[in-house]
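Breakdown of the fold
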Amino acid sequence: MHVLRPQFRIEDDHALDFAAARGFGAIVAADARGPRASHVPFVIIRRDDRVIVQLHLTAKNPLVELADGTRRFLLIVLGDDAYISNDWYVSRDNVSTWLYEAVHLSGVAHLRALDDNRGHGDALLAVSEARLPKQPWDLTQMEPGKREQMLASIRVIDLVVDEIEGQSKLNQHKSDADYVALVNRLACAEETASHRLAEKMRALRPELAYAKSHLADNGG
């Protein structure tokens, strides 16, 4: 990842927290034909002094055979994004841009034994179900034969992370006047992602005078 400005860089621990909270990304590796990618849920595990991204793929996915313990994989985790028009700024002669947050985690991928499939399934479900306002569902509630058939159809991969890259491009380098103008525009946009970015930008400069958002007017 090319970090455009030093102030955009997400510190490593915060980048890992960001990725863990999202829990979904694109896993990429290359073979003789070129890059291959799949979109996957994952969990982040701290094992001894290592950071491990654990994910699964269907057994027939071409990426499975690439997880040979020597090849490098890249996990791309995206957050919210929003387009910024150049006429939203107070000052003249700015350039239209895109605000976004993203984390890249890379390292060597290792294929786990089939015996590890159940443990991975339990861990992934526990994290995913905890995000929902309901009683968690788990694999014990599944018909045993169907559960074992499902678990046998996947392969679990450990990505041992040795490089963490994160970028939160929220126009931190802009003047207070331009910054406020952009936050106010994002807060009034129709897209929920724009609203979330506006809230993050407010938190970065809480001392500035922002317009009251329509979300607050509606009790949001």
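Described below are features of the structure shown in this document. It should be emphasised that the depicted structure is a prediction, and the values quoted were computed from it without experimental measurement.

Thresholds applied
Residues numbered from 1 in each chain as written. Predicted model: local features only at pLDDT ≥ 70, side-chain atom pairs only at ≥ 80, totals over all residues. Heavy atoms only, no water. Salt bridge = Lys/Arg side-chain N within 4 Å of Asp/Glu carboxyl O. Buried < 20%, exposed > 50% of the residue type's maximum accessible area, 1.4 Å probe, protein only. Helix = DSSP H or I, 4+ residues; strand = E, 2+ residues; numbered from the N terminus. Expected span 1.5 Å × (residues − 1).

This paragraph deals with the pattern of salt bridges. The final tally for this structure, using the stated rule, is 15 salt bridges. A salt bridge links D12 to R9, with the nearest nitrogen and oxygen atoms 3.0 Å apart. Residue class for R9 comes out partly exposed when judged on its relative accessible area of 46%. Note that R47 and D158 form a salt bridge whose closest N and O atoms lie 3.3 Å from each other. With R47 in strand 2 (residues 34-47) and D158 in strand 6 (residues 154-169), this pair connects stretches of sequence that are 111 residues apart. With a relative accessible area of 25%, R47 lands in the partly exposed category. A relative accessible area of 3% means that D158 is categorised as buried. Salt bridges sharing partners connect three or more residues here, namely R47, R112, D116 and D158.

In this section: helix 5 (residues 192-204). Here helix 5 spans 19 Å end to end across 13 residues, near enough to the 18 Å set by a 1.5 Å rise per residue. Every buried residue of helix 5 is listed here: A193, S194, H195, L197, A198, M201 and R202.

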